[in-house]
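Observations on the three-dimensional arrangement
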Amino acid sequence: MATVADRQASTGVKRARKSKGKAGSLAERRPGFVVYGILIAFILGSAFPFYWSFLVASHDDAKFTAEMPLLPGGNFFHNAGRVLDSIPFWKALGNSVIVSGTVTVSVVILSTLAGFAFAKLRFKGRGPLMVFVVATLAVPTQLGIIPLYMAMAEFGWSGTLGAVIIPNLVTAFGVFWMRQYIADAVPDELIEAARMDGCSMIRTFWHVCLPAVRPAAAMLGIFTFMMSWNDFLWPLIVLNADNPTMQVALEKLQSGYYVDNSLVLAGTTMATVPILIVFLVLGRQIVAGIMQGAVKG
Amino acid sequence: MTTELTVTRGRGAEPRPPRRDDNDDIGSGKSWRYKLTRLDVKFSPYLYIAPFFILFAVVGLFPLLYTAYISLFDWELGGDEQPFVGIDNYAELLADSQFWNAMVNTLSIFAMSTIPQIITCVLLAVLLNTALRGRTGWRMGVLLPYVASLVALTIIFGDLFGVQYGIINDLIEMIGLDRIDWQAERWWSHVAIASMVNWRWTGYNALIVLAAMQAIPRDIYEAAWVDGASKVRQFFSITLPMLRPTLIFVVVTSTIGGLQIFTEPLLFSPSAGVNGGATNQYQTVVLYMYSSGFRSFDLGYASAMAWVLFAVIIAIAGINYLITRKLATSGEA
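For clarity, every value in this text was computed on a predicted model and none was experimentally measured.

**Notes on the UniProt feature "transmembrane region" (unreviewed entry) in chain A**
Residues and elements named next belong to chain A. UniProt marks residues 33-54, 97-117, 129-149, 155-177, 205-229 and 263-282 with the feature "transmembrane region" (unreviewed entry), using the numbering shown here. For the annotated span residues 155-177, helix accounts for 52% and strand for 0% of the residues, and the straight-line distance between the end C-alpha atoms is 33 Å. Helix makes up 100% of residues 263-282 and strand 0%, and the two end C-alpha atoms of the span are 30 Å apart.

Listed below in structure tokens is the structure:
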């Protein structure tokens, strides 16, 4: 999607150049220093808090409060060691990976299944049921946390990772997103052919639909992972300090009578690094996913 | 249509296994294989969509309805009995100055974050829509804040906005102004919290708007250019009206998210916690709800608050929908 648009934009540039730089629209204008300057300023502003976090984390707290250093110091590993002593960092990291990983796999599979049914199968009540799915997008599930908490306590699941995972196993957004994609990307003829060859529904799904939707499923997976990784309110309520996710552990790091900035920001830096790596590796796909989702949605 | 076709073909293609009881239904051709296929076609779709509906019923719909039920009781966590109090919780809530304070804070932070954000993200999208070199790099650059962990960033911003040692106050002093007590002063604390929201979401929304901009047909701009419309005029007469559905989408999603703001005010200052500052100067509704329900253990009261907030969210999302529609339409000349 993005590449097509890019190609259009670049042919636009060529056209604009031919007409001696007199571009007809905003999209065809060749940007000057001002545009690049503003964008660079914007991105520096975007990156600054990350840098600040590392900057503080790499200094001694006492030294830091005396003056404002501009370059990283050599204290980062010392502070990181103190973080490991203060909170169950590795456990929190592992928990976050387990929770986000499980939620991601489940959301992708269950959303794709439902999306397949809504896009390609005919059944009674399909239209109204799909409308219902879309309507649930407007229901803020955060507001139902009180009964949810009571239910988890009743079942004895409070404090377990299951309590964080189960409510998020499938999302309305996922179903909607996969339905849109499958409707476009999987030809009806292909499904009919598979059925004629005697495939059961589930085999048709597995061998025909699933291979065709890999890009959309990957996108949904990335978004779900990030959303789950950043979830805070519900894990804060249902988990305890001994068995936290990363976000809950960071919160614990900060609460106390005396706040040691170098310690706290060493913790935030350490928690940010994994997700930054994911972003550097998958950033291109994330960008493409947002742009594609926006056009379709 | 599809099902009917596949069923017929499926039956035709399958050689029926020779079975003695076939004689029982002569002419109908209903072998066990056929019946299975028939069941498969009929029930598989429901099976595939069932996980969503079951899960939504259990963790979405039921809790929301049960919240309404609890809100009618004096429901203390760990209490022996829960007496029915009818609408008392709601009455108490509407008379609770702390609730109104939290509501005003929420709306104030929401307005301070949404309005500048929408304007900035449209302008940013215009810049990104030029023929930049290294397009994907710029797009990833503006998206950077979106991926960062919210808790980590809130803590970092709390540090940046520190009163004595915060770099933002250092900069303010450098240009000759007085240091601001970002945590203690009500409106300044809202500015600080809104700035975190803006910092995080502007780039993301800019990409959504950018995608919509690229979908606008180029012929329209060419026609406008031939007619002598300036670029500013083109922006207001073509771009903005064509972006209407996307702007509505962005505004409605930020309304739903913005009114549930929780993490930022909770962690803005290490000492304040669930109170949102010494005088609740930046306590939001969800924060107050959390505080009532999980710190004071007054679940009935917190539930009433959840429902009032739900009603407010629906109402404001609706109003914003209408305003955005109107604004983007009036640009059409």
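**Things to note about the nonpolar core**
Note that soluble globular proteins tend to have their nonpolar side chains buried in a common cluster. Counting 181 residues, the largest nonpolar core has L128, L143, L207 and F262 of chain B as its most contacted members. Top element by residues in this core is helix α8 (residues 186-214) of chain B. It accounts for 14 residues. Residue assignment places this core across two domains, with domain 1 (22-70) and domain 2 (88-329) of chain B each supplying three or more. Aside from chain neighbours lying at most four places away, what touches L128 of chain B is L39 of chain A together with W138, V142, L207 and L210 of chain B.

**With respect to the packing of helix α5 (residues 89-120) of chain A against helix α11 (residues 201-212) of chain A**
All names here are of chain A. Relative to each other, α5 and α11 sit at 100°, their axes nearing to 11 Å. For the element pair α5 / α11, the angle class is roughly perpendicular. Here T112, L113 and F116 of α5 lie close against α11, whose contacting residues are M201, I202, F205, C209 and L210.

**Focus: the environment of V252 of chain B**
Residues and elements named next belong to chain B. Relative to the assigned elements, V252 resides in helix α11 (residues 244-258). A relative accessible area of 21% places V252 in the partly exposed class. Sequence spacing of V252 and N275 is 23 residues, and the spatial spacing of their C-alpha atoms is 28 Å.

**Comments concerning the UniProt feature "transmembrane region" (unreviewed entry) in chain B**
Residue and element names in this part refer to chain B. UniProt marks residues 46-69, 109-131, 143-167, 187-212, 242-262 and 299-323 with the feature "transmembrane region" (unreviewed entry), using the numbering shown here. Counted over residues 187-212, helix gives 100% and strand 0%. Its end C-alpha atoms are 35 Å apart. Taken end to end, residues 242-262 is 76% helix and 0% strand, and its first and last C-alpha atoms sit 34 Å apart.

**Details of the domain arrangement of chain B**
Much of the literature gives interface size as the accessible area that the parts lose upon coming together. Residues and elements named next belong to chain B. If you check the domain split of chain B, you get domain 1 (22-70) and domain 2 (88-329). In total, domain 1 and domain 2 occlude about 450 Å² of area from one another, counting both sides; carbon and sulfur atoms represent 73% of this. If you sort the residues of domain 1 by the area they bury against domain 2, L64, T67 and I70 come out on top, with a joint share of 80%. Here domain 1 and domain 2 share 0 salt bridges between them. The tally of links between domain 1 and domain 2 comes to 1 residue pair in polar contact (both at pLDDT 80 or more). The residue inventory of the side of domain 1 that touches domain 2, partitioned by class, reads 3 nonpolar, 1 polar and no charged.

**As for the interface of chain A and chain B**
At the interface, 106 residues of chain A touch 101 residues of chain B. Carbon and sulfur atoms make up 75% of the surface buried where chain A meets chain B, a total of about 10,000 Å² over both sides. Run the count over chain A and chain B and you get 1 salt bridge. For D40 of chain B, the salt bridge identified is with R195 of chain A, shortest N-O distance 3.8 Å. The interface formed by chain A and chain B includes 9 residue pairs in polar contact (both at pLDDT 80 or more). The leading source of residues in the side of chain A that touches chain B is helix α15 (residues 261-296) of chain A, at 17 residues. Its residues placed into classes, the side of chain A that touches chain B shows 72 nonpolar, 22 polar and 12 charged.

**Notes on the pattern of salt bridges**
Pairing is possible between side chains of opposite charge, provided their charged atoms come close. Summed over the entire model, instances satisfying the criterion amount to 5 salt bridges over all chains. The partner of D188 of chain A in a salt bridge is K120 of chain A, and the shortest N-O contact between them spans 2.8 Å. Residue D188 of chain A is located in helix α10 (residues 188-196), and its partner K120 of chain A is located in helix α5; the two are separated by 68 residues in the primary sequence. In this structure D188 of chain A comes out as partly exposed when scored by relative accessible area, which is 30%. Via salt bridges that share partners, D170, E173 and R179 of chain B belong to a single interconnected network.

**With respect to a nonpolar patch on the surface**
Residues and elements named next belong to chain B. A cluster of nonpolar side chains, namely W32, L36, L39, F43 and Y46, defines an oily patch on the protein surface of about 500 Å² accessible area. Here F43 lies in helix α2 (residues 32-70). Residue F43 is classed as partly exposed on the basis of its relative accessible area of 46%.

**As for unusual backbone geometry**
All names here are of chain B. Backbone geometry places N280, a non-glycine residue, at a positive phi of 55°. Position of N280 relative to the elements: it lies in the loop between α12 (263-267) and α13 (285-295). For N280, a relative accessible area of 16% translates into the label buried. The residue F297 is not glycine, and still its phi comes out positive at about 60°. Tracing the sequence through the fold places F297 in the loop between α13 and α14 (299-330).

**With respect to the side chain of E251 of chain A**
Looking at where E251 of chain A falls in the secondary structure, it is placed in helix α14 (residues 246-254). Of the polar contacts made by the side chain of E251 of chain A, one reaches the side chain of K252 of chain A; its length is 3.0 Å.

**What to know about the packing of aromatic side chains**
Applying the stated rule across the entire model yields 41 aromatic pairs over all chains. Measuring from ring centre to ring centre gives 5.3 Å for F73 of chain B and F84 of chain B, while their planes differ by 80°; the resulting arrangement is edge-to-face. Of the two residues, F73 of chain B sits in the loop between α2 and α3 (88-94) while F84 of chain B sits in the loop between α2 and α3, which places them 11 residues apart along the sequence. With relative accessibility at 57%, the residue F84 of chain B sits in the exposed group. Ring centres of F235 of chain B and F236 of chain B lie 5.1 Å apart, and the angle between their planes is 80°; this geometry places the pair in the edge-to-face category. For F235 of chain B, a relative accessible area of 13% corresponds to the buried category. The class for F236 of chain B is partly exposed, based on a relative accessible area of 44%. Put simply, the rings of F50 of chain A together with F157, F161, W182, W188, W199, F268 and Y282 of chain B pair up and form one aromatic cluster.

What counts as what
Residues numbered from 1 in each chain as written. Chains lettered and ligands numbered in written order. Predicted model: local features only at pLDDT ≥ 70, side-chain atom pairs only at ≥ 80, totals over all residues. Heavy atoms only, no water. UniProt positions renumbered as here; feature names shortened; annotations may be inferred. Helix = DSSP H or I, 4+ residues; strand = E, 2+ residues; numbered from the N terminus. Core = buried A, V, L, I, M, F, W, Y, C linked by side-chain atoms within 4.5 Å. Buried < 20%, exposed > 50% of the residue type's maximum accessible area, 1.4 Å probe, protein only. Domains from an automatic or database assignment. Contact = heavy atoms within 4.5 Å. Axes fitted to C-alpha atoms, helices over the stretch in contact; angles between N-to-C directions. Parallel < 35°, antiparallel > 145°, perpendicular 65-115°, else oblique. Buried area = accessible area lost by both parts, 1.4 Å probe. Salt bridge = Lys/Arg side-chain N within 4 Å of Asp/Glu carboxyl O. Polar contact = N/O pair within 3.5 Å; in protein donor to acceptor, adjacent residues only side chain to side chain. Nonpolar A, V, L, I, M, F, W, Y, C, P; charged D, E, K, R; others polar. Patch = residues over 30% accessible without salt bridge, like charges linked within 9 Å, V, L, I, M, F, W, Y side chains within 5 Å. Areas by Shrake-Rupley, 256 points an atom, 1.4 Å probe, with all protein chains shown as cover. Phe/Tyr/Trp six-rings, centres within 6.5 Å; stacked < 30°, edge-to-face > 60°.

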